[in-house]
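Per-entry structural report
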Amino acid sequence: MTNVELFPHVFYTQPPIIAKMLKYKKIVLVDDDADDRQIFEEILHEIDPDTIVVTAENGLEMVALLDKMPDDHLPEMIILDQNMPKITGKESLIFLKESTRYRDIPTIIYSTYQVKDFYQECLELGAQDVVAKPDTMQAYREMIEQFLVAH
């Protein structure tokens, strides 16, 4: 099934990006929205089919997932939605950056909640960046390219 069939309400202006190399090949995406996880995974695999994407629905699930991973299988990047039940993106970020095992993994928070103080606080806590949560396929693609495609 194509993206057009899956998301007929989205107006596609560009063909899928193919044959680019991602600088991060192992990614954990933490987001409580199943549609957002699916869109993210589809775009990543269009860009680079060899990328490994592991998803979690919330911060608690992420912690359990990471704790089970051997050191040589840890993700190269973690992307956190801010607004999640149980543990928010910011709370997950604090956990990651306080852990000697996970603190060096680049982490991005993406959220519909965009307040300057929140942005600054997350950067001070160790986030690589804080970005607006994409609301279209094109915006997801641009976010992924900005942070994940090798230049």
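How each quantity is defined
- Going along each chain's sequence as written, the residues are numbered from 1 onward.
- Local features in this predicted model are restricted to residues of pLDDT 70 or higher, and side-chain atom pairs are both shown and tallied only at a pLDDT of 80 or more, whereas totals for entire chains, interfaces and linings draw on every residue.
- Excluding hydrogens and water, the side-chain figures rest on all heavy atoms present in the structure.
- Buried residues of nine kinds, namely Ala, Val, Leu, Ile, Met, Phe, Trp, Tyr and Cys, make up a nonpolar core once their side-chain atoms join them within 4.5 Å.
- A simple rule labels every residue: compare its accessible area, found with a 1.4 Å probe on the protein chains alone, to the largest value its type can have, and call it buried under 20%, exposed over 50%, or partly exposed in between.
- A run of H or I in DSSP counts as a helix once it spans at least four residues, and a run of E counts as a strand once it spans at least two, with each numbered from the N terminus.
- Should any heavy atoms of two residues lie within 4.5 Å, those residues are considered in contact.
- Per residue, pLDDT captures the predictor's confidence, and it can take any value from 0 to 100.
- At least two DSSP bridges between two strands are needed for those strands to be called paired.
- In this description, a line fitted to the C-alpha atoms serves as the axis of each element, helices being fitted only across the stretch in contact, and the angle between N-to-C directions of two axes falls anywhere from 0 to 180 degrees.

In this structure, Val-30, Met-62, Leu-66, Ile-78 and Leu-80 are the most contacted members of the largest nonpolar core, which totals 20 residues. Of all the elements in the fold, those that place two or more residues in this core are strand E1 (26-30), helix H3 (59-68), strand E3 (77-81), helix H4 (89-98) and helix H5 (116-125). In terms of residue count, the dominant contributor to this core is H3 (three residues). Discounting chain neighbours no more than four positions away, the residues touching Leu-80 are Val-30, Met-62, Gly-89, Ser-92, Leu-93, Leu-96, Thr-107, Ile-108, Ile-109 and Tyr-110. Core analysis: the next-biggest nonpolar cluster, separate from the first, contains 19 residues, Phe-40, Ile-43, Val-53 and Ile-144 among them.

Counting through the fold element by element, Gln-128 comes out in the loop between H5 and strand E5 (129-132). Between the C-alpha atoms of Gln-128 and Ile-109, which are 19 residues apart in sequence, the distance is 8.2 Å.

The next subject is the confidence of the model for the protein. Averaged over every residue, the pLDDT of the protein is 82; the share at 70 or more is 81%. Across residues 1-19, where pLDDT falls below 50, the model places 24 contacts with residues more than four positions away in sequence or in other chains.

What follows concerns the sheet that holds E5. The sheet built from five strands is open, its strands ordered E2-E1-E3-E4-E5 with parallel pairing. A single partner strand is all that each edge strand has here, and the edge strands are strand E2 (52-56) and E5. The mean angle between the axes of side-by-side strands here comes to 20 degrees, regardless of whether they run parallel or antiparallel. Two elements, E1 and E3, share four bridges in a ladder whose sense is parallel.

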